[in-house]
Amino acid sequence: MFNFVRSMRGSMLAGAAALGLGACNLDVASPSVIDAATFDPNADGQTLSLSAQTNFYIAFQAVAQAGGLISEELWSGAARAQARRLSSRTFASTDDINARVFAPLSLAIASNRSAVSVLSQGASAATDVNRARSAMILGFSVELMAETMCTGVIQGGPELTDPQLLDTAITAFTSALTVAKAAGAAGTTIMNASNVGLARAYLQRGNYTAAAQTAALVPASFTTDVVTSANLSTQSSLGNQFYASSLAGVLVAPARYRQSDARVSIDSTQPGNTQNGLPFIIQTKYSSYSDPIRLASGLEALYIVAEAQLHGSAATTTAIALINARRAAGMQSAYAGATDTLSVVAELLNQRARDFWLEGKKLGDLRRNPSVPFTSVLTDPDGAIFYANSAQKFGSNLCAPIPPEETNANPNFKP
């Protein structure tokens, strides 16, 4: 048997380590095992790979929303104290929101890792686009864990630092690129997306030369999305959750995002208030359950090249050109600020915050650039008065701790 939970013993995921195959109608005797006698890596590989990818799509939205609250892309309209703590960057490991992020992200990592392992046994493994896809999604899953969590764990293993997680993501993306390139035209989209993910991981890791070189390989017009669904039976898990949460009054646009910029689309005409009394000012970037969410793009690659050059050689020409192009897209005048490296990095991140609003990138931007003032990136600084009706102030937590559901069950955390 191919046992997809064999390495999760002791992990918080052991009781819920299904590969998510049921949603794709793969008939198996158990949700966590596939019979080797009936599974064909060539014939059934697409179903396996797309099922694991769906686990990532679900995890991506959970991480993007939590990261959006921490990085102040969103304000919480919920009355729940835990949501307010998360939004104020003062959350604790015992808050269940952390498990709601860690668990689906861990499942996405485990399922895609297992899919890569199984598909590597197929007769066409060297050119299998399904194997390449799963390796790419594994890379994105681990990369998100590195950007969101203070430290990470993979399938019940030891605690991993962010650099260790990023190195794992880099290995996964590199593998995806090798197979996708061998697959020819069928692997083009996977190659481009993997190059964006790889460049992003290099940038977060501080390898600026590799980041710029890799990002430069991506066509400017390229884009690929997290797919969502308006199907009534799956809206709560596969539907666009930014849209759903906005309708429910759980998420609203922060004050710094309420501006005249087409990239930051909001609606302030809705009547009433949120659950915790905030004005009902919601995002309109996503207007249906089926609106896709951009995952990787040529635009992101351009930003990576510009930032890598700023950090690597203090070269500002590429960054200022991109800043002005994006300011024009947002109906802003040309940049007239200071041209020292830190000031240009700050303005570049300001434009990134607009272009990639609600796309799960801003938290990584803030963590990667601790010298940039929060106020330059549409974010309130540490110690500022928190927006909620409580007198709470913004804290300094920019990463989520591993939840006790994992540390209590994982033997690697025992004394």
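Residues numbered from 1 in each chain as written. Predicted model: local features only at pLDDT ≥ 70, side-chain atom pairs only at ≥ 80, totals over all residues. Heavy atoms only, no water.

A few words now on the pattern of salt bridges. Throughout the structure, instances matching the rule amount to 22 salt bridges. The shortest N-O distance in the salt bridge between Asp-167 and Arg-205 comes to 2.9 Å. Separated by 38 residues along the polypeptide, Asp-167 in helix 5 (residues 162-182) and Arg-205 in helix 6 (residues 188-205) bring together distant segments of the chain. What makes Asp-167 partly exposed here is its relative accessible area of 34%. (Salt bridge = Lys/Arg side-chain N within 4 Å of Asp/Glu carboxyl O. Helix = DSSP H or I, 4+ residues; strand = E, 2+ residues; numbered from the N terminus. Buried < 20%, exposed > 50% of the residue type's maximum accessible area, 1.4 Å probe, protein only.)

Moving on, we come to the nonpolar core. The biggest cluster of nonpolar side chains holds 99 residues, and the ones touching the most others in it are Phe-56, Phe-60, Met-136, Phe-242 and Leu-348. Beyond its immediate stretch of four places on either side in the chain, Phe-60 contacts Leu-144, Val-226, Ile-293, Arg-294, Leu-295 and Glu-359. (Core = buried A, V, L, I, M, F, W, Y, C linked by side-chain atoms within 4.5 Å. Contact = heavy atoms within 4.5 Å.)

One way to put it is that helix 1 (residues 45-70) packs onto helix 4 (residues 129-148) with a least axis distance of 9 Å and a crossing angle of 20 degrees. Of the possible angle classes, the one that applies to helix 1 and helix 4 is roughly parallel. Crossing of helix 1 over helix 4 shows left-handed handedness. Across the interface between the two elements, Gly-45, Gln-46, Ser-49, Leu-50, Gln-53, Phe-56, Phe-60 and Val-63 of helix 1 pack against Asn-130, Arg-133, Ser-134, Ile-137, Phe-140, Ser-141, Leu-144 and Thr-148 of helix 4. (Axes fitted to C-alpha atoms, helices over the stretch in contact; angles between N-to-C directions. Parallel < 35°, antiparallel > 145°, perpendicular 65-115°, else oblique. Left-handed = near helix turned anticlockwise from the far one by under 90°.)

All right, on to the pairing of strand 8 (residues 293-297) then. Burial analysis of strand 8 places 4 of its 5 residues in the buried class, the great majority of the element. Looking at chain direction, strand 4 (residues 223-226) and strand 8 are connected through 4 bridges and run antiparallel. Bridging from a neighbouring strand, Thr-224 pairs with Ala-296 of strand 8. (Pairing = 2+ DSSP bridges.)

The subject of this paragraph is unusual backbone geometry. Despite not being glycine, Met-331 has its phi angle at roughly 60 degrees, a positive value. Looking at the secondary structure, you find Met-331 in the loop between helix 11 (317-329) and helix 12 (341-355). Even without being glycine, Leu-378 reaches a positive phi, approximately 55 degrees. Of note, Leu-378 is situated in the loop between helix 13 (362-368) and helix 14 (404-407).

Okay, the state of the cysteines next. Applying the stated criterion across every chain, the model contains 1 disulfide. Between the sulfur of Cys-150 and that of Cys-399 lies a disulfide, 2.1 Å long from S to S. Between Cys-150 and Cys-399 the disulfide shows an S-S torsion of about 95 degrees. By sign, it is right-handed. One end of the pair, Cys-150, is in the loop between helix 4 and helix 5; the other, Cys-399, is in the loop between helix 13 and helix 14, with 249 residues separating them in the sequence. Taking relative accessible area as the criterion, Cys-150 reaches 28% and is therefore assigned partly exposed. (Disulfide = S-S within 2.5 Å.)

The next subject is helix 11. Over its 13 residues, helix 11 runs 19 Å from end to end, which matches the ideal 18 Å to within 8%, given 1.5 Å per residue. Within helix 11 the residues assigned to the buried category are Ala-319, Leu-322, Ile-323, Arg-326 and Arg-327. Taken around the axis of helix 11, the buried residues stretch over an arc of 135 degrees, which confines them to a single face. In this structure, the buried residues of helix 11 make contact with helix 10 (298-313) and helix 12. Two residues or fewer after helix 11 comes Met-331, characterised by a positive phi angle close to 60 degrees. (Expected span 1.5 Å × (residues − 1). Arc of directions from axis to C-beta.)

Across all of its chains, the model carries 11 aromatic pairs by this definition. Ring plane angle 15 degrees and centroid distance 5.5 Å describe the contact between Tyr-257 and Trp-357, whose orientation is recorded as stacked. Note that Tyr-257 is positioned in the loop between strand 5 (251-252) and strand 6 (266-267) and Trp-357 in the loop between helix 12 and helix 13, a separation of 100 residues in sequence. Seen in terms of ring centroids, Phe-386 and Phe-394 are 5.3 Å apart; in terms of plane orientation they differ by 85 degrees. Their pairing is edge-to-face. The class of Phe-394 is buried, set by a relative accessible area of 4%. Chaining the aromatic ring pairs together yields one cluster made of Phe-56, Tyr-57, Phe-60, Phe-140 and Phe-173. (Phe/Tyr/Trp six-rings, centres within 6.5 Å; stacked < 30°, edge-to-face > 60°.)

The next point concerns the side chain of Ser-49. Along the chain, Ser-49 falls in helix 1. Here the side chain of Ser-49 touches Ser-134 through a polar contact of 3.1 Å, side chain to side chain. Those residues in contact with Ser-49 that sit more than four places away from it in its chain are Leu-119, Asn-130, Arg-133 and Ser-134. (Polar contact = N/O pair within 3.5 Å; in protein donor to acceptor, adjacent residues only side chain to side chain.)

The contact between helix 1 and helix 3 (residues 96-119) brings their axes to 8 Å, and the two run at 155 degrees. Relative to helix 3, the element helix 1 lies roughly antiparallel. Taken as a pair, helix 1 and helix 3 cross one another with a handedness that is left-handed. Across the interface between the two elements, Gly-45, Leu-48, Ser-49, Ala-52, Gln-53, Asn-55, Phe-56, Ala-59, Ala-62, Val-63 and Ala-66 of helix 1 pack against Arg-100, Val-101, Pro-104, Leu-105, Leu-107, Ala-108, Ser-111, Asn-112, Ala-115, Val-118 and Leu-119 of helix 3. By residue class, the composition of the contact of helix 1 with helix 3 is 15 nonpolar, 6 polar and 1 charged. (Nonpolar A, V, L, I, M, F, W, Y, C, P; charged D, E, K, R; others polar.)

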